[in-house]
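Chain residues, written in single-letter form:
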2 protein chains.
Amino acid sequence: MTHTAHSFNVLFSEAGEFVESRLQGIAEALPAPAPTRLRDSIMYSLTAGGKRLRPILCLKAAQVFGMGWERSLPLALGFEMIHTASLIHDDLPAMDNDVLRRGKPTNHVLFGESLAILAGDALLAWAFEYPLTQLAGADVPADRICEAMRIMANACGPFGICGGQVLDTDPESMEDGADFPFKVAAQKTAVLISACVESGAALGGADKKEACAFRAYGMHLGAAFQMVDDILDVTSSAEELGKTPGKDATQNKKTFVSLFGLEETRSLAKIESEKAIEAISGIKGDTGFFEALSGYLVERTR
Amino acid sequence: MTHTAHSFNVLFSEAGEFVESRLQGIAEALPAPAPTRLRDSIMYSLTAGGKRLRPILCLKAAQVFGMGWERSLPLALGFEMIHTASLIHDDLPAMDNDVLRRGKPTNHVLFGESLAILAGDALLAWAFEYPLTQLAGADVPADRICEAMRIMANACGPFGICGGQVLDTDPESMEDGADFPFKVAAQKTAVLISACVESGAALGGADKKEACAFRAYGMHLGAAFQMVDDILDVTSSAEELGKTPGKDATQNKKTFVSLFGLEETRSLAKIESEKAIEAISGIKGDTGFFEALSGYLVERTR
């Protein structure tokens with residue numbers, strides 16, 4: 001590791017504040033033809049806080065290959081839009097039926113089910129439109145933009161978070177067996193986290209091999225992240241978590257914790273975290289942030 | 001007009017059959033990691049029939065600029081995916097709550113609400129992934145792909161069909177005034193139809209001015225299309241229509257017919273149809289299909 005815990009926190013919060021400030025101003029990019037209530041619903045969830053992990057990952061991955069934050073920002077914000085869209089839809093009554101998210105009422109509680117569905121749809125489309133519009137005039141090679149968008153699209157489609165959410169919520173799609181939580185974690189969480197770093201790297205100028213190394217990093221990091229999420233769902237209070245804890249058990253979900261127990265899940269997360277670091281060990285350039293992050297995510301408490 | 005009614009029908013069905021045959025085979029492009037139930041739900045709605053108007057428009061627009069159907073097909077199918085996604089979500093209980101579509105049970109009736117929401121989301125993402133993946137290896141200039149995808153994304157985002165559906169279903173977003181149905185028609189229907197021809201033209205090699213002419217064509221055609229839809233909702237049986245008629249009146253929607261009456265709406269549709277043809281009058285190349293189509297859509301009975 002090239003960063004101490006202290007300098008890591010500084011690095012993390014600097015990128016986080018950059019993302020946060022730009023997200024607050026992004027409502028300006030939503031022109032008047034969008035109905036006011038849809039704008040309100042979209043912006044409510046998009047600016048509801050959170051770690052901003054996905055856009056930070058994207059900015060930092062592009063930076064490894066020499067691209068500044070300002071330039072990769074549209075792609076990074078696109079990933080936060082996708083993440084937000086998936087949260088809005090996951091919380092719907094027909095899905096996880098959750099009323100609390102990041103310490104606030106969920107979107108459908110405030111705006112109604114119909115608008116929450118449409119806000120999610122609109123965010124999913126805006127996630128593509130915003131970077132495609134912003135990057136078109138930014139002198140970024142078009143083939144890199146296409147590749148970054150392809151990776152993004154793959155992560156939210158039938159093989160990505162949508163597929164993962166089906167495995168997680170559809171009783172008929174659930175499977176027995178110890179590898180099922182791994183399958184869910186891969187599709188539901190890791191594919192999107194992985195896409196953030198892979199497409200950030202691709203946009204920044206990584207070659208195929210380097211982009212693949214970042215994809216592998218993201219898949220392992222995402223698995224570790226989901227394991228810690230499962231642990232926190234059992235061990236945290238609503239106040240610490242900002243969302244309703246204990247939902248997995250109530251809904252009889254097959255999680256890492258329900259299958260392997262707390263201690264074993266902690267070990268598994270540590271192993272995934274180490275595999276993540278190993279995956280990018282051959283990358284030339286400063287990958288210190290990604291090494292530090294991998295350790296941090298395993299230790300996080302919310 | 002350069003085509004008779006007979007040759008127009010032949011041209012229309014030829015492209016329609018091309019699209020239909022490729023859609024039937026597209027399940028192969030959905031790899032195994034996608035859960036079986038999600039695949040079934042997606043393919044059920046994608047292969048449920050329909051006029052395939054949007055992909056046909058896209059193929060034909062690219063063709064005007066010399067690009068063959070085989071090459072523009074991935075983009076064309078992307079538009080059918082978006083259209084299908086919007087129908088699945090529009091039919092949900094929280095939205096139009098419709099149980100019949102194209103003469104068959106709607107997606108959520110067969111697969112449940114949760115899976116229907118996710119199938120729509122997955123189709124929306126696949127609409128970007130499929131063309132970005134297929135076109136990457138097809139020797140189409142990357143800047144044209146980016147522009148085509150940007151147009152597609154714009155049409156399904158907050159300013160496009162999502163915004164239109166909010167205006168159409170959210171009581172608090174409805175407005176009084178004679179221009180409201182025009183606003184809804186523009187966002188809900190015309191923006192997507194317009195995006196099919198504009199992005200097909202852009203992918204095929206149209207310059208900015210030519211692409212804009214096709215966009216204007218699509219906006220007028222789309223308005224005419226929605227007017228005829230409003231008329232058919234009042235005058236047709238469920239059998240003719242393949243979906244539940246009379247829903248607009250039941251739901252107190254502000255349609256062209258409710259505001260202007262049947263005869264006046266027919267006149268308005270004719271005017272829009274003529275404006276569409278005028279918009280592309282300066283295009284070099286064979287635009288006969290688009291002229292014939294504009295007349296046909298006004299006369300259609302389903």
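Residues numbered from 1 in each chain as written. Chains lettered and ligands numbered in written order. Predicted model: local features only at pLDDT ≥ 70, side-chain atom pairs only at ≥ 80, totals over all residues. Heavy atoms only, no water.

Student: So, the interface of chain A and chain B: which residues are in play, and what are the values?
Tutor: Taken together, the 49 residues of chain A in the interface contact 49 residues of chain B. Together, the buried faces of chain A and chain B total about 4100 Å²; carbon and sulfur atoms form 75% of this surface. It is A:Glu129, A:Pro158 and A:Phe159 that lose the most area in chain A upon contact with chain B, and together they represent 15% of the buried surface on that side. Between the two partners, chain A and chain B, sit four salt bridges. For A:Arg37, the salt bridge goes to B:Asp170, with nearest N and O atoms at 2.7 Å. The set of elements that each furnish at least two residues to the side of chain A that touches chain B consists of helix H2 (36-46), helix H6 (113-136), helix H7 (142-156) and helix H8 (161-169) of chain A. Here the side of chain A that touches chain B gets 14 residues from one element, more than from any other, and that element is H6(A). When its residues are assigned to classes, the side of chain A that touches chain B shows 31 nonpolar, ten polar and eight charged. (Contact = heavy atoms within 4.5 Å. Buried area = accessible area lost by both parts, 1.4 Å probe. Salt bridge = Lys/Arg side-chain N within 4 Å of Asp/Glu carboxyl O. Helix = DSSP H or I, 4+ residues; strand = E, 2+ residues; numbered from the N terminus. Nonpolar A, V, L, I, M, F, W, Y, C, P; charged D, E, K, R; others polar.)

Student: Residues and numbers for the relation of the copies chain A and chain B, please.
Tutor: By a simple turn and slide, chain A fits onto chain B: the slide is 0.0 Å along the axis, the RMSD is 0.0 Å, and the turn is 180 degrees. Both chain copies can therefore be described as sitting about a two-fold axis. Judged by C-alpha distance, A:Ala142 is the residue of chain A that lies nearest the rotation axis, at 2.7 Å. Same-surface contact between copies: 100% of interface residues of chain A are shared with the interface of chain B. (Least-squares fit on C-alpha atoms with pLDDT ≥ 70 in both.)

Student: An account of the state of the cysteines is requested, with residue identities and associated values reported.
Tutor: Tallying each qualifying case throughout the model produces zero disulfides over all chains. Free cysteine A:Cys146: the closest other cysteine sulfur is in B:Cys146, separated by 3.7 Å. Taking the relative accessible area as the measure of exposure, A:Cys146 reaches 10% and is therefore buried. (Disulfide = S-S within 2.5 Å. Buried < 20%, exposed > 50% of the residue type's maximum accessible area, 1.4 Å probe, protein only.)

Student: I'd love a proper account of the packing of aromatic side chains, names of residues and values included.
Tutor: The tally for this structure, following the rule as stated, stands at 25 aromatic pairs over all chains. On the basis of an interplanar angle of 45 degrees and a centroid distance of 5.5 Å, the ring pair of A:Phe18 and A:Trp69 is categorised as tilted. With a gap of 51 residues between them, A:Phe18 in helix H1 (residues 5-25) and A:Trp69 in helix H4 (residues 69-90) connect regions that are remote in the sequence. Accessibility assignment for this pair places A:Phe18 and A:Trp69 in one class, buried. Between the aromatic rings of B:Phe289 and B:Phe290, the centroid separation amounts to 5.2 Å while the plane-to-plane angle is 85 degrees, which identifies the pairing as edge-to-face. Residue B:Phe289 shares its accessibility class with B:Phe290, and that shared class is buried. (Phe/Tyr/Trp six-rings, centres within 6.5 Å; stacked < 30°, edge-to-face > 60°.)

Student: Tell me what's going on with the pattern of salt bridges, and back it up with residues and numbers.
Tutor: Here the structure, examined in full by the defined rule, presents 26 salt bridges over all chains. A salt bridge links A:Arg37 to B:Glu172, with the nearest nitrogen and oxygen atoms 3.8 Å apart. Separated into two different chains, A:Arg37 in helix H2 and B:Glu172 in the loop between helix H8 (161-169) and helix H9 (180-204) make up a pair that spans both. You can call A:Arg37 buried: its relative accessible area is 18%. On the basis of relative accessibility, which here comes to 60%, the residue B:Glu172 falls in the exposed class. Linking A:Arg52 and A:Glu80 is a salt bridge whose minimum nitrogen-to-oxygen distance equals 2.7 Å. In this pair, A:Arg52 is assigned in the loop between H2 and helix H3 (53-64) and A:Glu80 in helix H4, connecting sequence segments 28 residues apart. Accessibility assignment for this pair places A:Arg52 and A:Glu80 in one class, buried.

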